[in-house]
Amino acid sequence: MKSKNAIISSILKNLLSWIATIIMLVPVILILINAFKPDEEALTMSMQLPSVWTFSNFNKVIEKGKLVRSFLNSMLYTGCTTVITVVFGSMAAYVFSRRRTPKFNMVYMYVVLGMVIPINYVTLMKIMQITQLNNTIPGIILLYVAMQTPFTIFLIYGFVSKVPVELDEAAIIDGCTPLQLFIKIALPLLRPALVTAGVLCFLNTWNEFIMPLYFLNSSEKWPMTLAIYNFFGQFQTSWNLICADVLLTCAPVIILYLLCQRYIVGGQTAGAVKG
Amino acid sequence: MNKAKVYPWYFAAVSVLLYTALSVIPGIIGIGYSFTDWSAYSKELHFVGLKNFIKVFSASDDYLRYISNTLTFTVVTTVFKTGLGLLLAMILSKGVFGKNFHRATMYLPSVLPILVTGLTFTSILNPKYGFLNNTLRSLGLDFLAKKWLVDPKLAFGTVMTVDIWRGTGYIMTMLLVGILAIPKVYYEAASIDGANAWQKFKYVTLPMLRQTLAVTIVLNVLYGLKVFDIVYTLTNGGPGHRTEVMYTAVFKMMSKGLYAEGTTISSVMFIFMVIVGYFMVKILTRNEVVE
């Protein structure tokens, strides 16, 4: 009797898992199929396989959507943001986690509060205009860094306490300067945390949409998300081209996700959940 | 060892300065500007007292609806994402073939740009040609084929459902890691004491998951209160402001040149979230050094 129940429960579990997975996959499959359809079959997205697998959609979309430029922009913004955020974020997290005086704890709390507070875009726009950073590449990168910094510090902070303080003491006795200590001792031991923080920062920045929408006016500075949004406005009925554009926009994040899945999931929960 | 020398304060300076300049200062200046008549149409600024705040909180304008929509969105998506996430995490924690495949697939929507999710669903949910309604019609369920994003009664529910689709896998993954970290001996002990599956869930799993649940709920609430991308791409607040949330309203004010109104809504959010956020940060940073 008991084994019969176990079998039923196992079947039920597998069935429910598949239902959930299929619900998650349907939109993704729709995009995959429709990206290869010829124009006349793509007025709307459907599960019907394309009559002719049209690979030229990708060429067309790259040309019409000026995607090479946007791709390079996205890479530049995301790459710079990730490096700057992780380098300075880890330095800050390191100091916060090691010092822990009431003063430093307060500053740490103040930074972590950044995960909570909403950005006032109206006044931010004014600040960007006054500082001449609006519609500039350094401006958008600084904005991204400022947005990603609180979570990055929060994430790395939890890992720093797992690096034994005794190592620091030994290094100092051996004559390390603070910067040498950080680069030679702390950074290598923090590597998993830095990878997690870096990957998440990359994903978030690549996917970001509000900042370029409001702080980059000229189309030659647009990243992929804004390019696709604009493309969607122009080619609303050409779902084959939109889907091709979607695939090209998502490819880097999906590849990164598949390669770094372990870091994303494990690191996030270790950092954010257990601290 | 002299900590002040070994871990110098200036290591933190760049991060703290940037964050202060581009995140905190706009918020604080914004509070100041909410007492003025700042707009794109006049170069002069006048102090108007609480006029903007009175306008935001008066029933005659739509602002209260934006606030209540934002709160509804936050509560509903948090409850469903956490509930469904917990259910799926429990299912996947034991006795499912291809666990890693399911897990990877369910997490996938949360790594995609929200913008892309929104665009894709505008096609899927199109009342005439959309994939959803076409499928329903081909199954003979014509009466279920609604105008998902156009019908004022349905639009907000649809937007929330799409967001639940997007976010559940993420919560599921966090909770699954938490569940798998619970030592097996607790379940064995419960079995010996004659606990059934429900009792094990209630007396072992849930209490052990408390911290993980608290963190996921906090992250969900924060996301919900600041939601923008998904609403903007699916409905942009329409039909007739039915799905308008605080951030979409702020951006509309901004593009109309009504800076004072925009910054007032932002400031209401800012003050509210700094107060609520203090407690949330406490939850997030609680028992952070367990080892």
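See above for the structure.
Quick caveat, the model's predicted, so the values are computed rather than measured. (Residues numbered from 1 in each chain as written. Chains lettered and ligands numbered in written order. Predicted model: local features only at pLDDT ≥ 70, side-chain atom pairs only at ≥ 80, totals over all residues. Heavy atoms only, no water.)

Asks: I'd like a rundown of the packing of helix α3 (residues 67-99) of chain A against helix α8 (residues 178-189) of chain A, residues and numbers included.
Replies: All names here are of chain A. Close contact between α3 and α8 brings their axes to 12 Å; oriented N to C, the two are set at 95°. When the axes of α3 and α8 are compared, the pair comes out roughly perpendicular. Listed contacts from α8 to Ser-90, Met-91 and Tyr-94 of α3 are Leu-179, Leu-181, Phe-182, Ala-186 and Leu-187. The class makeup of the residues in the contact of α3 with α8 is seven nonpolar, one polar and no charged. (Axes fitted to C-alpha atoms, helices over the stretch in contact; angles between N-to-C directions. Helix = DSSP H or I, 4+ residues; strand = E, 2+ residues; numbered from the N terminus. Parallel < 35°, antiparallel > 145°, perpendicular 65-115°, else oblique. Contact = heavy atoms within 4.5 Å. Nonpolar A, V, L, I, M, F, W, Y, C, P; charged D, E, K, R; others polar.)

Asks: Help me get a handle on the interface of chain A and chain B, residues and values and all.
Replies: Each side of the interface is counted separately: chain A has 99 residues, and chain B has 96 residues. For the pairing of chain A and chain B, the buried interface totals around 8,800 Å² over both sides, and the portion due to carbon and sulfur atoms is 75%. One can count zero salt bridges joining chain A with chain B. Seen at the junction of chain A and chain B, the total is 20 residue pairs in polar contact (both at pLDDT 80 or more). The leading source of residues in the side of chain A that touches chain B is helix α1 (residues 2-34) of chain A, at 16 residues. Classifying every residue of the side of chain A that touches chain B gives 71 nonpolar, 19 polar and nine charged. (Buried area = accessible area lost by both parts, 1.4 Å probe. Salt bridge = Lys/Arg side-chain N within 4 Å of Asp/Glu carboxyl O. Polar contact = N/O pair within 3.5 Å; in protein donor to acceptor, adjacent residues only side chain to side chain.)

Asks: Before we move on, could you go through the packing of helix α6 (residues 137-160) of chain A against helix α2 (residues 13-33) of chain B and cite the residues and values that matter?
Replies: When two helices pack together, their arrangement is captured by the angle between the axes and the distance separating the axes. In contact at an axis separation of 9 Å, α6(A) and α2(B) are set at 120° when each is read in the N-to-C sense. As judged from the angle between their axes, α6(A) and α2(B) are oblique. As for the relative orientation of α6(A) and α2(B), their crossing is left-handed in sense. Here A:Leu142, A:Leu143, A:Val145, A:Ala146, A:Met147, A:Thr149, A:Pro150 and A:Ile153 of α6(A) come into contact with α2(B), specifically with B:Ser15, B:Leu18, B:Tyr19 and B:Leu22. Of the residues that constitute the contact of α6(A) with α2(B), the class distribution is 10 nonpolar, two polar and no charged. (Left-handed = near helix turned anticlockwise from the far one by under 90°.)

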